[in-house]
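Examination of the molecular architecture
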Amino acid sequence: MKIGIIGASGYTGGELLRLLALHPNVEVSKISSRRFEGKEVWKVHRFLKGFYDLKFCRPEIDNFSDCDLVFTAVPHGEAMVYVPKLIELGIRVVDLSADYRLPEDVYERVYGKKHTGYMEAVFGIPELRRDEIKKAKLVANPGCYSTVAILSLAPLAKLELIENAVLDCKSGITGAGETPSEFTHYPNLHESIVVYRPTDHRHYYEIVQELERFQKDVKIHFTPQVFPGSRGILCNAHVFLRGDLEAEELWKIYGEFYKDCYFIRLQDEVKLIQVRGSNFCDIAIFKGAERVLIVSAIDNMIKGASGQAIQNMNLMLGFEETLGLRIPPLFP
């Protein structure tokens, strides 16, 4: 199968290339970048020297016409330029931007821009929408915070057990993208944790949207923070339940819900280093007197972006879901 990547010069594009380099069933045949048109891929992503002989092309649809599937790894607002044309050519798409994650009216309100190429997509969390993804022409790859939060709470929402949930999430700085800013400048972040968009982060709307598929009246409060590290998201979900469940019952609920999900690992404790460089989501459950604490962790660049995108690609192309992704986490 021939694969294309529109927007292959950024962090998520680089991770797609790294992970796909050893995938047995696909070949990356086209990659684009306006900034680096004509340049060899390894001169931009130095870590890929020896793996690809590709050069970046312009992000024009004709350059991708022979692809079976294309990843659009471009900024929010740009994917809508390419996606409808790719779909029209019969090319399946996994979009890593936010352009197709939300209904059109919600997207325009949250992102403050007119959607010029809206179409319905499947929200791409394979553990929750596996069958829909297999048939989809367009999959909207979820946000990184959204992924870890939804996976943390879905088993409880499925049983309508959530009275209230408070999500305290901390992310590495790669979540802000590769373009430098005052926010990502090293002296401003070093030895610090920064709260941003404390009550109105864009991923909140994805979290509520997907959890409401299970529990219509779910109440979620979400605060994102950035810590001075490159990768990872740690999510502490403080859940106030409807009724009282013992710890053993909670473990059973999560074990049953994720019994067929290779990339979900239930652990006695969760640390970011346990998932770094992998497509795993680790989850631990702690029962308190008045609340349940669900601690979960992912690598925001992999399960929160490019790894999950490949997981979606595998399902869409009829491959085994874990193909090319059975990579142990990096340690230490």
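Some remarks on the pattern of salt bridges
A complete count under the given rule lists 23 salt bridges for this structure. Between Arg213 and Glu132 there is a salt bridge, with its nearest N and O atoms 3.6 Å apart. Taken together, the positions of Arg213 in the loop between helix H8 (203–211) and strand S10 (220–226) and Glu132 in helix H5 (residues 126–135) put the pair 81 residues apart, joining distant regions of the chain. Linked by salt bridges that have partners in common, Glu15, Arg18, Arg231 and Asp299 make up one network.

As for the environment of Val28
Tracing the sequence through the fold places Val28 in strand S2 (residues 27–32). With relative accessibility at 7%, the residue Val28 sits in the buried group. Separated by eleven residues in the primary sequence, Val28 and Leu17 place their C-alpha atoms 7.7 Å from one another. Apart from residues no more than four positions distant in its own chain, Val28 is found in contact with Ile3, Ile5, Leu17, Leu20, Tyr52 and Leu54.

A closer look at the packing of H5 against helix H10 (residues 302–316)
Angle between the axes and distance between the axes are the two parameters that describe a pair of packed helices. Contact pair H5 / H10: the axes reach a minimum separation of 9 Å and the direction vectors enclose 40°. Considering only the axes of H5 and H10, their crossing is right-handed. Where H5 abuts H10, its residues Pro126, Glu127, Arg130, Ile133 and Lys134 lie against Lys303, Gln308, Gln311, Asn312, Leu315 and Met316. Grouping the constituent residues of the contact of H5 with H10 by class yields four nonpolar, three polar and four charged.

Section: H10
Here H10 contains 15 residues, and its C-alpha end-to-end distance of 18 Å is more than 12% below the 21 Å for a straight helix at 1.5 Å per residue. Of all bends in H10, the biggest is about 45°, found at Gln308. Counting buried residues in H10 gives 15 out of 15 residues, a clear majority hidden from the surface. Gly318 occupies a position one or two residues after H10 and carries a positive phi of about 80°.

Some points on the side chain of Ser171
Tracing the backbone through its elements, the reader meets Ser171 in strand S8 (residues 162–171). Overall, Ser171 belongs to the buried group, its relative accessible area being 3%. Leaving out residues up to four positions away in the same chain, Ser171 has contacts with Tyr145, Gln225, Val226, Phe227, Gly232, Ile233 and Asn300.

Quick look at the state of the cysteines
On inspection of all chains with the given rule, the structure shows zero disulfides. Considering cysteine sulfurs only, Cys169 is the nearest to Cys144, which forms no disulfide, with 9.5 Å between them. The closest cysteine sulfur to the non-disulfide-bonded Cys261 is located on Cys281, 10 Å from its own sulfur.

Details of the packing of aromatic side chains
Taken as a whole and judged by the stated rule, the model has nine aromatic pairs. Centroid distance Phe214 to Phe257: 6.3 Å. Interplanar angle 80°. Geometry classified as edge-to-face. Separated by 43 residues along the polypeptide, Phe214 in the loop between H8 and S10 and Phe257 in helix H9 (residues 247–257) bring together distant segments of the chain. A residue is classified by how much of its surface remains accessible, and Phe257, at 23% relative accessible area, is partly exposed. Directly above the ring of Trp42 sits Lys49, whose terminal nitrogen or CZ lies 4.2 Å from the centroid.

Definitions and limits used
Residues numbered from 1 in each chain as written. Predicted model: local features only at pLDDT ≥ 70, side-chain atom pairs only at ≥ 80, totals over all residues. Heavy atoms only, no water. Salt bridge = Lys/Arg side-chain N within 4 Å of Asp/Glu carboxyl O. Helix = DSSP H or I, 4+ residues; strand = E, 2+ residues; numbered from the N terminus. Buried < 20%, exposed > 50% of the residue type's maximum accessible area, 1.4 Å probe, protein only. Contact = heavy atoms within 4.5 Å. Axes fitted to C-alpha atoms, helices over the stretch in contact; angles between N-to-C directions. Left-handed = near helix turned anticlockwise from the far one by under 90°. Nonpolar A, V, L, I, M, F, W, Y, C, P; charged D, E, K, R; others polar. Expected span 1.5 Å × (residues − 1). Bend = angle between axes of the 7 residues up to and from the residue. Disulfide = S-S within 2.5 Å. Phe/Tyr/Trp six-rings, centres within 6.5 Å; stacked < 30°, edge-to-face > 60°. Lys NZ or Arg CZ within 6 Å of the ring centre and 35° of its normal.

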